[in-house]
Amino acid sequence: MTQPLPNLPRPLPRIDREHAEWWAALRRHELLVQECPRCKALTFPPEPACPRCRSLERGWRRSSGRGRVLSWVVVHRPSHPWFADKVPYAVVLVQMEEGFRVIGHIDVPIEKLRDGLPVEAGFEDVNDEVALIRFRGA
Ligand SMILES: [Zn+2]
């Protein structure tokens, strides 16, 4: 017999200084990708140093938000009680047109997901501090 799930608040990311600029952009409904000022490598998620040339300089580029679904998983068992009434839902891996990859939720029904589906980044305002990426069909 399953126990009733406690009514817990939604689990949200902890915003540290390292990623504050990226999160601030999401609140403005902009998707940024870290771009190394020295070698122009794009890194996602943001890292303290460029994985290609190890430079500690950080720069940003605004993404178009457009990409294509590369893969996805369908979540049937909630990882946290807050998701209990959200399952099943899909989490997608999107190949962005600039070449980096992003994992996120998607508003396309599970049965309509397919490899290569064109999508664009949308944004879900959760509270004053957090906005999350929610892909949608493009
Ligand atoms: Zn670099």
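The sections below set out a description of the structure shown in this document. Note that the structure is a prediction, hence the values are computed from the model and not measured.

**Some points on the overall build of the protein**
Secondary structure summary: the protein contains 1 helix and 8 strands in total. Written out in order from the N terminus, the α and β elements of the protein read α-β-β-β-β-β-β-β-β. Dimensions of the protein, computed from the C-alpha atoms along their principal axes, are close to 55 × 35 × 25 Å. Considering only contacts within the protein whose residues lie at least 6 apart along the sequence, 50% involve residues at least 24 apart.

**Considering the environment of Arg-27**
Positionally, Arg-27 belongs in helix H1 (residues 20–27). Assessed through the 15 C-beta atoms surrounding it within 10 Å, Arg-27 is described here as partly exposed. Note: C-alpha distance between Arg-27 and Glu-129 (102 residues apart in sequence) is 7.3 Å.

**A look at the sheet that holds strand S5 (residues 89–96)**
Here 5 strands make up a closed barrel; going around it, the order is S4-S5-S6-S8-S7 and the pairing mixed. Put simply, the sheet's adjacent strands are angled 50° from each other on average, direction ignored. Note: strand S7 (residues 118–125) against strand S8 (residues 131–137), 7 bridges, orientation antiparallel. Counted as the bridge partner of Asp-125 is Ala-131 from S8.

**Topic: the nonpolar core**
Counting 13 residues, the largest nonpolar core has Val-92, Val-94, Ile-106, Val-119 and Phe-135 as the members making the most contacts within it. Listed by contribution, the elements that provide at least two residues to this core are S5, strand S6 (101–106) and S7. The element that contributes the greatest number of residues to this core is S5, accounting for 4 residues. Residues within four places of Val-119 in sequence aside, it is in contact with Gly-67, Arg-68, Val-69, Val-94, Ile-106, Phe-135, Arg-136, Gly-137 and Ala-138.

**Observations regarding the environment of Asp-107**
Positionally, Asp-107 belongs in the loop between S6 and S7. Taking the C-beta count within 10 Å as the criterion, Asp-107 has 13 such neighbours and is therefore assigned partly exposed. Each C-alpha atom, one on Asp-107 and one on Ala-90, is 8.7 Å from the other, the two residues being 17 residues apart in sequence. Among all residues touching Asp-107, those that are not within four sequence positions of it are Gly-122, Arg-134 and Arg-136.

Calculation rules
- Residues numbered from 1 in each chain as written.
- Predicted model: local features only at pLDDT ≥ 70, side-chain atom pairs only at ≥ 80, totals over all residues.
- Helix = DSSP H or I, 4+ residues; strand = E, 2+ residues; numbered from the N terminus.
- Contact = placed C-beta atoms within 7 Å.
- Buried ≥ 20, exposed ≤ 12 C-beta atoms within 10 Å, placed from the backbone.
- Pairing = 2+ DSSP bridges.
- Axes fitted to C-alpha atoms, helices over the stretch in contact; angles between N-to-C directions.
- Core = buried A, V, L, I, M, F, W, Y, C linked by C-beta atoms within 7 Å.

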